[in-house]
Each structure stands twice: as structure tokens, then as C-alpha cells.
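# Examination of the molecular architecture
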Amino acid sequence: ISPSQENIEFIKWFWQKLQEHKIEVCIYPKETLHAKLYLLHSAKNKDEGIAFVVSSNLSMSGIALNTELNVALPEKENYKFLTDWFEDLWKDSEK
């Protein structure tokens, strides 16, 4: 990461969220994991939401510059399936 002011501010923000336990990071050591999945839900109901399976990284290049394929899956059964998949990997991760 180049040391631009924007990057410095992001790193400070990210560090603060880690300290506040609002972001949790784990390492999945069993195999290479390249999948990108974003699960969004409301604070009131974590059983329903929307899942995004994407090729893009969560970066300026990944979102705005590269040609990527990102798919929204709003159906309840897809959200549950992908949430369960993620939770299984999370349980097998090192904290």
C-alpha cells in the first residue's frame, strides 16, 4: 500500500475497529481460500439478508478499475446456504 493520506486514514480506522472488536480477523489454514463473499443483514434480523459472491477485491481497483463479476443473491435460501458455508469455515479458522 502506498502511503497516501487516504491509506493512512483507512489503516487508522481499521485499527480502531479492531480495537473496538467491531472487526474480527481469522486465518483459514486448511487450504488456499480465494473466495470472496459479502453477507449483509440488519442488526435486528441476522437470519435474513443478502449475499454477494464476487470476483472483485474490496479495493478501489477491484470495485472501480478492473473488469469484475459480482452477483447479488437476495433469496433467503441462498443467504442461509452461504451463511452456513461461511460459519463452517470460520469455526475451522485460527483466531
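This text follows the structure it describes.
Once a new chain begins, its residue numbering starts again from 1 and follows that chain's sequence as written. The model is predicted, so local features are restricted to residues of pLDDT at least 70 and side-chain atom pairs to those at 80 or more, both for listing and for counting; the totals for chains, interfaces and linings are taken over all residues. By convention in this description, side-chain values take in all heavy atoms of the structure and omit both hydrogens and water.

### A closer look at the pattern of salt bridges
Pairs can form between side chains of opposite charge once their charged atoms are near each other. Going by this rule: Whenever a carboxyl oxygen of Asp or Glu lies within 4 Å of a side-chain nitrogen of Lys or Arg, that contact is scored as a salt bridge. What counts as a helix is a DSSP run of H or I of at least four residues, what counts as a strand is a run of E of at least two, and both are numbered from the N terminus. Using a 1.4 Å probe on the protein chains alone, a residue whose accessible area is under 20% of its type maximum counts as buried, one over 50% counts as exposed, and one in between counts as partly exposed.
Going through the model one piece at a time under the given rule, you end up with four salt bridges. When the shortest N-O distance is used, the salt bridge between Asp92 and Lys30 registers 3.6 Å. Of the two residues, Asp92 sits in the segment after helix H3 (76-91) while Lys30 sits in the loop between helix H1 (5-19) and strand E1 (36-41), which places them 62 residues apart along the sequence. Ionic pairing is found between Asp84 and Lys80, a salt bridge with its closest N-O pair at 2.8 Å. Of this pair, Asp84 and Lys80 both sit in helix H3, four residues apart, which is roughly one turn of the helix. Accessibility expressed as a relative area gives 35% for Asp84, which makes it partly exposed.

### Brief notes about H1
Using the following cut-off: The span you would expect from a helix comes to 1.5 Å times its residue count less one.
For H1, spanning 15 residues, the distance from its first C-alpha to its last is 21 Å, which sits close to the expected 21 Å at 1.5 Å a residue. Positioned one or two residues after H1, His21 has a phi angle of 60 degrees, which is positive.

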